[in-house]
Amino acid sequence: MDRHRTMNAPIVAAQADHSAGHFLRVRQKTMDLCAGLGAEDLLVQSMPDASPGKWHLAHTSWFFEQFVLQRDIGYRSPHPEWHYLFNSYYQTVGPMHARPQRGLLSRPTLDEVRSYRQHIDAAVSELLVRGNDPELAALVELGLQHEQQHQELLLTDLKHAFWCNPLRPAYRKAIARAPTTSPEPLRFLAGCEGIVDVGDRGAGFAFDNETPRHREWLSAHAIANRLVTNAEYTDFVRDGGYRAPTLWLSDGWATVQREGWQHPLYWQPDLASEFTLAGMSALEPHAPVCHLSYFEADAFARWAGARLPTEAEWETAAAGLPISGNLMDQRHFHPQALSQHSETTNGLLQMYGDVWEWTASPYVSYPGFKPLPGSLGEYNGKFMCGQWVLRGGSCVTPREHIRASYRNFFPPSARWQFAGIRLGRDE
Ligand SMILES: [Fe+2]
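Summarised in this report is the structure supplied together with it.

What counts and how
Residues numbered from 1 in each chain as written. Predicted model: local features only at pLDDT ≥ 70, side-chain atom pairs only at ≥ 80, totals over all residues. Heavy atoms only, no water. Pairing = 2+ DSSP bridges. Helix = DSSP H or I, 4+ residues; strand = E, 2+ residues; numbered from the N terminus. Axes fitted to C-alpha atoms, helices over the stretch in contact; angles between N-to-C directions. Parallel < 35°, antiparallel > 145°, perpendicular 65-115°, else oblique. Left-handed = near helix turned anticlockwise from the far one by under 90°. Contact = heavy atoms within 4.5 Å. Nonpolar A, V, L, I, M, F, W, Y, C, P; charged D, E, K, R; others polar.

The 3 strands lie next to each other as β2-β6-β15, forming an open sheet whose pairing is antiparallel. Looking at which strands have only one partner, the edges of the open sheet turn out to be β2 (188-190) and β15 (424-426). When strand polarity is set aside, the average angle formed by the axes of neighbouring strands in this sheet is 30°. Examined bridge by bridge, strand β6 (residues 221-224) and β15 share 3 bridges and lie antiparallel to one another. Its bridge partner being in β15, Ala 222 is matched across the sheet by Arg 425.

This part takes up the packing of helix α1 (residues 20-33) against helix α2 (residues 53-67). Where α1 contacts α2, the axes come no closer than 10 Å and their chain directions differ by 160°. Taken together, the axis directions place α1 and α2 in an arrangement best described as roughly antiparallel. The two elements α1 and α2 meet at a crossing, and its hand is left-handed. Residues Phe 23, Arg 27, Thr 30 and Met 31 of α1 touch α2, and the partners they reach there are Leu 57, Thr 60, Ser 61 and Phe 64. Split into classes, the residues belonging to the contact of α1 with α2 amount to 4 nonpolar, 3 polar and 1 charged.

On to the sheet that holds strand β11 (residues 356-362). Across the sheet, 4 strands lie side by side as β13-β12-β11-β14; this open sheet has mixed pairing. In the strand order of this sheet, the two ends are held by β13 (408-410) and β14 (419-420), each with one partner. Where β11 and β14 come together, 2 bridges link them in parallel fashion. The residue bridging Trp 356 from the neighbouring strand is Ala 419, located in β14.

So, about unusual backbone geometry. Leaving glycine out, the prevailing phi sign among residues is negative, and the prevailing peptide bond configuration is trans. Between Arg 107 and the following residue, Pro 108, the backbone shows a cis peptide bond with an omega angle of 5°. Within the secondary structure layout, Pro 108 lies in the loop between α3 (83-86) and α4 (110-130). For the bond from Thr 211 to Pro 212, the omega torsion is -5°, close enough to zero to count as cis. Its identity is not glycine, yet Leu 271 carries a phi of approximately 60°, on the positive side. As for its position among the elements, Leu 271 is in the loop between α7 (250-259) and β7 (273-276). Even without a glycine there, the phi angle at Arg 331 is positive, about 60°.

Written as structure tokens, this is what we have:
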């Protein structure tokens, strides 16, 4: 991964598809996301947190070269000088180009990066076809999970870049939305109380930050049946939420003052429209609010007389639910209002997809967590400071990438990801 988060190492690769066909399908999805984008679109970097699309295309390929192909001492990179450009933050494999200056890399050209991807695809496919190698399979699976994380980042970074363009261009035309009905009433559902097991169950791929599975104590609590909507968040804004210091954590209030925040990122000041990957769009009142920081999610929850769920509460509620929802595969690329046909299990709605849900939990290691040896282990623990956990995936998360135990994390001031709110409360 790249941003202020980890590239976690694989713990389990069981039940994964280790075929060359699967590898090529996931890799091709990244290129499919770039269809219709020009070289200029894929070069721009709008802020230090975001990366150019071309950089994502090259970095994900470099990852396979560094951690898969170079296991063979006979492998020779076609562009060894690019190692410096496309290493993100792997200090143990060498120095790297400054992150805020990735948008200056007009060379290599987009065509050269495409050729590099093709070289990597062919070389990795050849290894996979060659035979049964569990270590190879696990590393390729990690590389594909990494690829999927960058698929999401490619879209969130592109959205921010397009938003910075006064033309407010559209990435894709909006797919017709599900019919909006009367809003689903917000209800609080009782959660499990007592000792629960959380973390990876060992049934498939998991990043190491999801391990080890362990016990946690849950006090009496409840969790909201659905996500907070634009209409509800508008009430918070109109009620002076951004002007009431008592609602905010100290760091959050300082950020509001410094940045001049008055509404979510991408909203217009009239609170009637927002920028989307389909261009400017009327704000859908019943769609989940998104592009919020942790500070805003926390302040809203306080205003609402509630709190954010902890990650253990969220995971316990999500356990056993089918992984379905408005994920990348639906190709809306934007949170959607609930329809009458929305799927629910045990009354819970929108647990997967639409928006990553900020939790009340700081991103720290689970009890017994052990970083893996080697360069891949470099990333597992070093980001476990100053960030908060998000759960559930978003409208730009590939469906096969998300699971109940998945822990995403961002600094509390980050807003450019599709992040929103599910409320919780003590009972
Ligand atoms: Fe990365």
